[in-house]
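Remarks on the overall topology
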Amino acid sequence: IRKEASQYGICKIVPPQGWNCPMLADINNPRHFETKRQRVNILQEGQGFDDGERYTAATYKAMADAFHDNWTNRYYSTENPTTEAKLEKDYWDLVETNHREAVVDYGNDIDTIRYGSGFPSGSSEEMMLKYMGNVDFNDPEYYRHSTWNLNNVPSAPGSILKYVTSPITGINVPWLYYGMLFASFCWHNEDNYFYSINYNHYGAVKQWYGCPGSAAEAFEKVSKEFLLGLFIESPDILHHMTTQVSPRLLAANRVPVYKVAQEAGTFVITFPKAFHGGFSYGLQSQRHPSS
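What comes next concerns the included structure.

Considerations on unusual backbone geometry
Look at phenylalanine 182: it is not a glycine, yet its phi comes out positive at around 75 degrees. With respect to the element layout, phenylalanine 182 can be found in the loop between β5 (175-179) and β6 (184-188). The exposure class assigned to phenylalanine 182 is buried, which follows from its relative accessible area of 0%. Positive phi outside glycine occurs at tyrosine 193, with the angle close to 55 degrees. Along the chain, tyrosine 193 falls in the loop between β6 and β7 (196-203). Judged by its relative accessible area of 43%, tyrosine 193 falls in the partly exposed class.

Rendered as structure tokens:
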């Protein structure tokens, strides 16, 4: 898909009919994970994130669902129902105008070694090769050994990451994420210009925006001009992943921007040097390794 999709920077992959990968992250897991508190209405200011509350998966779900319900009940009604298009407008109005306030907790960069994985584990290169030629969505073992299982991507046949013998979270050990309405991943590209692959295990849609690697310099130029004060104070501000820039601003300055809505059960791939960012429309659980 690289030849066709890399020109957009991001690409959604919808598995074939019958794909039914089990979600193994236990909602009743008693372990707590840390979160980052994001003040959505000041994301253009590039301020660092404070620590949020600590949650279990169940308490995070309860909090996220309550926030979603409070927002939609406050601003929408039966006569004016909620849609993703309206929530997208709400989000960028918050970011660009700061005329309303929204504070959310984002469960990002959760270590799957400690907190568990949404995918089955325990494969080998030999078994991956076997199941590459034996695709059966009705066989639970297929999902354990599939190279679409994000636990297996770093050690899959053809991956140079299998030669990295130490576990590095976010590289050869996937991160786990818990998101909620307006929880944001701010514009960035991957370390060392890696690819990345993300899977939405369950829950709401995740909204992505991407700028292809061929336009990375244009993206940085426009961002620096718009956020000059921030770049003077911190030249590597984009590496902090705390600054959100409106796609409208980028497009108005002829920076190509593409968008993808990632539903549960689908993958998103980002390409080398491609800047990407976005937010969630509600509770969701995702996995992300670079590759």
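A word on the packing of aromatic side chains
Counted according to the given criterion, the structure contains 29 aromatic pairs. Centre to centre, the rings of phenylalanine 67 and tryptophan 71 are 6.4 Å apart; their planes meet at 20 degrees, and the pair counts as stacked. Placement of the pair is phenylalanine 67 and tryptophan 71 together in helix α2 (residues 57-75), with a separation of four residues, close to one helical turn. In terms of burial, phenylalanine 67 and tryptophan 71 fall into one category: buried. When the ring of tyrosine 91 is compared with that of phenylalanine 279, the centres are 4.1 Å apart and the planes differ by 15 degrees; the resulting orientation is stacked. Note that tyrosine 91 is positioned in helix α3 (residues 84-97) and phenylalanine 279 in strand β11 (residues 275-280), a separation of 188 residues in sequence.

Re the layout of surface pockets
There is about 720 Å³ of room inside the largest pocket. Around the largest pocket sit 39 residues that line it, and His188, Asn189, Glu190, His239 and Met241 are the ones nearest its centre. Only β2 (36-39), β4 (103-111), β5, β6, β7, β8 (206-211), α7 (216-226) and β11 provide two or more residues apiece to the lining of the largest pocket. No other element matches β6, which puts four residues into the lining of the largest pocket.

Thoughts on the nonpolar core
Formed by 55 residues in total, the largest nonpolar core has its most connected members in Val40, Trp71 and Phe182. Those elements that provide at least two residues to this core are α2, α3, β4, β5, β6, β8, α7 and β11. If we ignore the near neighbours within four places in the chain, the residues touching phenylalanine 182 are Gln38, Val40, Phe67, Trp71, Leu87, Asp90, Tyr91, Leu94, Ala102, Val104, Phe279 and Ser280. Membership of the second largest hydrophobic core comes to 17 residues, among which are Ala5, Tyr131, Tyr143 and Ile269.

Structural notes on the environment of alanine 57
With respect to the helices and strands, alanine 57 occurs in helix α2. Judged by relative accessible area, which is 5%, alanine 57 ranks as buried. Each C-alpha atom of the pair alanine 57 and aspartate 26 lies 7.7 Å from the other, and the pair is 31 residues apart in sequence. Those residues in contact with alanine 57, other than ones at most four positions away along the chain, are Asp26, Ile27, Asn29, Phe33 and Tyr178.

So, the pattern of salt bridges
The final tally for this structure, using the stated rule, is 12 salt bridges. Linking arginine 37 and glutamate 53 is a salt bridge whose minimum nitrogen-to-oxygen distance equals 3.9 Å. Residue arginine 37 is found in strand β2, and its partner glutamate 53 is found in the loop between β3 (50-51) and α2; the two are separated by 16 residues along the sequence. For arginine 37, a relative accessible area of 26% gives the class partly exposed. A salt bridge links aspartate 93 to lysine 89; the nearest nitrogen and oxygen atoms lie 2.9 Å apart. Of the two residues, aspartate 93 and lysine 89 are both situated in helix α3; the distance of four residues between them amounts to about one turn of the helix. Given a relative accessible area of 17%, aspartate 93 falls into the buried group. Each of Arg37, Glu53 and Asp105 takes part in one network of salt bridges that share partners.

Quick notes on empty space enclosed by the protein
The full count for this structure, using the stated rule, is one cavity of 30 Å³ or more. Quantified by volume, the largest cavity comes out at close to 90 Å³. Surrounding the largest cavity, Ala25, Asp26, Asn29, Arg31, Phe33, Ala57, Ile110, Tyr115, Gly116, Leu176 and Tyr178 form its lining. Class assignment for the residues of the lining of the largest cavity results in seven nonpolar, two polar and two charged.

Thoughts on the side chain of serine 285
Here serine 285 is to be found in strand β12 (residues 284-288). A residue is classified by how much of its surface remains accessible, and serine 285, at 0% relative accessible area, is buried. Once residues within four sequence positions are removed from consideration, serine 285 is found in contact with Met23, Leu176, Tyr177, Tyr178, Tyr199, Asn200, His201 and Tyr202.

Analysis parameters
- Residues numbered from 1 in each chain as written.
- Predicted model: local features only at pLDDT ≥ 70, side-chain atom pairs only at ≥ 80, totals over all residues.
- Heavy atoms only, no water.
- Helix = DSSP H or I, 4+ residues; strand = E, 2+ residues; numbered from the N terminus.
- Buried < 20%, exposed > 50% of the residue type's maximum accessible area, 1.4 Å probe, protein only.
- Phe/Tyr/Trp six-rings, centres within 6.5 Å; stacked < 30°, edge-to-face > 60°.
- 1 Å grid on protein atoms, 1.4 Å probe; cavity = no way out; pocket = protein on both sides within 12 Å on 5 of 7 lines; lining within 4 Å.
- Points joined across faces, edges and corners; volume = space filled by probe spheres on them.
- Core = buried A, V, L, I, M, F, W, Y, C linked by side-chain atoms within 4.5 Å.
- Contact = heavy atoms within 4.5 Å.
- Salt bridge = Lys/Arg side-chain N within 4 Å of Asp/Glu carboxyl O.
- Nonpolar A, V, L, I, M, F, W, Y, C, P; charged D, E, K, R; others polar.

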